[in-house]
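The primary structure of each chain is shown beneath.
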Amino acid sequence: MCIRDSTHIEEMLKLKALDQYKDMLLASVTHELRTPLNCIIPMITEAIKDDDVPASVKDHFLRPTLNSVHLLMNIVNDILDFSRSKRKKLRLNFSQFNLREKLEEIMQLFEIQCRHKGIELRFEYSTDVSSIIYGDKCRLGQVIINLLSNALKFTSKGAITLSILPNIDHEDWITFKVADTGVGIKPCLLYTSD
């Protein structure tokens, strides 16, 4: 094969280099954003624990701020994961953890926002699902936060429900279900495995 015009090859190499630079920039920026967020979270948490801080300040200012910082941290983590996955460096960290406790923590992140919008937030955990599981606690948390964030974004009234159920088809699997009274997704945009 004889290549007479090297222009296309040069353009492809430039695009590849630009794509790699973009991924490195994303990774760098997200690491830089995580540093101040990791400082802010413990400071707000300590202020919430402080008995000298009035309850009204905690409820109206500190807890909503902490909630927002956690959600921002989730966005930063999503961007970092995206850049890692493109570089094939995304790793899952499996360990044993209490699923129910993790999900209750996540639900607390959304309580204030739901209350502010007048939306009921429900959490249903089947007694047939073990609380202690083996998996990637952080990645699972990110997925659930993204699902709840989308539900909150598109729900203006009614309720959002997170349900944890046994999987009917696979004994060792768990079904995570987020249901809301929002506008919904057009059927043509839904993914099905069929």
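In what follows, the accompanying structure is described.

Cut-offs and rules
Residues numbered from 1 in each chain as written. Predicted model: local features only at pLDDT ≥ 70, side-chain atom pairs only at ≥ 80, totals over all residues. Heavy atoms only, no water. Helix = DSSP H or I, 4+ residues; strand = E, 2+ residues; numbered from the N terminus. Buried < 20%, exposed > 50% of the residue type's maximum accessible area, 1.4 Å probe, protein only. Contact = heavy atoms within 4.5 Å. Areas by Shrake-Rupley, 256 points an atom, 1.4 Å probe, with all protein chains shown as cover. Patch = residues over 30% accessible without salt bridge, like charges linked within 9 Å, V, L, I, M, F, W, Y side chains within 5 Å. Salt bridge = Lys/Arg side-chain N within 4 Å of Asp/Glu carboxyl O. Expected span 1.5 Å × (residues − 1). Polar contact = N/O pair within 3.5 Å; in protein donor to acceptor, adjacent residues only side chain to side chain. Pairing = 2+ DSSP bridges. Axes fitted to C-alpha atoms, helices over the stretch in contact; angles between N-to-C directions. Core = buried A, V, L, I, M, F, W, Y, C linked by side-chain atoms within 4.5 Å. Phe/Tyr/Trp six-rings, centres within 6.5 Å; stacked < 30°, edge-to-face > 60°.

1. Description of the overall build of the protein
And then number 1: On a plain count of helices and strands, the protein comes out with four helices and five strands.
And then number 2: In sequence order, the secondary structure elements of the protein are arranged as α-α-β-α-β-β-α-β-β.
And then number 3: The buried share of the protein, taken over its 194 residues, is 28%.
And then number 4: Taking the contacts inside the protein whose residues are at least 6 apart along the sequence as the reference set, 72% of them involve residues at least 24 apart.
And then number 5: Here the protein has roughly 13900 Å² of accessible surface; of this, 57% comes from carbon and sulfur atoms.

2. A short note on a nonpolar patch on the surface
And then number 1: Where nonpolar side chains cluster on the molecular surface, the patch consists of L15, L18, Y21, M24, L25, V29 and L33 and spans about 700 Å² of accessible area.
And then number 2: The residue L15 is located in helix 1 (residues 7–49) in this model.
And then number 3: For L15, a relative accessible area of 56% puts it in the exposed group.

3. Looking at helix 4 (residues 137–153)
And then number 1: Helix length check: helix 4, at 17 residues, gives a terminal C-alpha distance of 24 Å against a target of 24 Å (1.5 Å per residue), a fit within 8%.
And then number 2: Of the residues flanking the start of helix 4, the one acting as N-cap is D136, its side-chain oxygen 3.2 Å from the backbone nitrogen of C138.

4. Observations regarding the sheet that holds strand 2 (residues 119–125)
And then number 1: Pairing is mixed across the open sheet formed by three strands, whose spatial order is 2-4-5. The sheet is open, and its two borders are formed by strand 2 and strand 5 (174–180), each paired with just one other strand. Direction aside, neighbouring strands of the sheet carry axes that sit 10° apart on average.
And then number 2: Relative to strand 4 (residues 158–166), strand 2 runs parallel, the two sharing seven bridges. Looking at the pairing, R122 lines up with T161 of strand 4.
And then number 3: Each of strand 2, strand 4 and strand 5 touches helix 3 (residues 99–117); the most contacted strand, strand 2, lies at about 170° to it.
And then number 4: Against the sheet, helix 4 engages strand 2, strand 4 and strand 5, with an angle of about 20° to strand 5.

5. Looking at the nonpolar core
And then number 1: Counting 22 residues, the largest nonpolar core has L99, L103, F110 and L148 as the members making the most contacts within it.
And then number 2: At seven residues, the largest contribution of residues to this core is made by helix 3.
And then number 3: The contacts of F110, once residues within four sequence positions are left out, are N67, L71, L121, I145, L148, S149 and L152.
And then number 4: With ten residues, the next largest nonpolar core counts I48, V53, M73 and V76 among its residues.

6. Quick notes on the packing of aromatic side chains
And then number 1: In this structure the tally under the stated criterion is two aromatic pairs.
And then number 2: The interplanar angle of 65° and the centroid separation of 6.1 Å between the aromatic rings of F123 and Y125 together place this pair among those described as edge-to-face.

7. Side note on the environment of L62
And then number 1: Looking at the secondary structure, you find L62 in helix 2 (residues 55–86).
And then number 2: Here the alpha-carbon distance between L62 and T45, two residues 17 residues apart in the chain, equals 8.2 Å.
And then number 3: L62 has contacts with I44, A47, I48, V53 and V57, leaving out every residue within four places of it along the chain.

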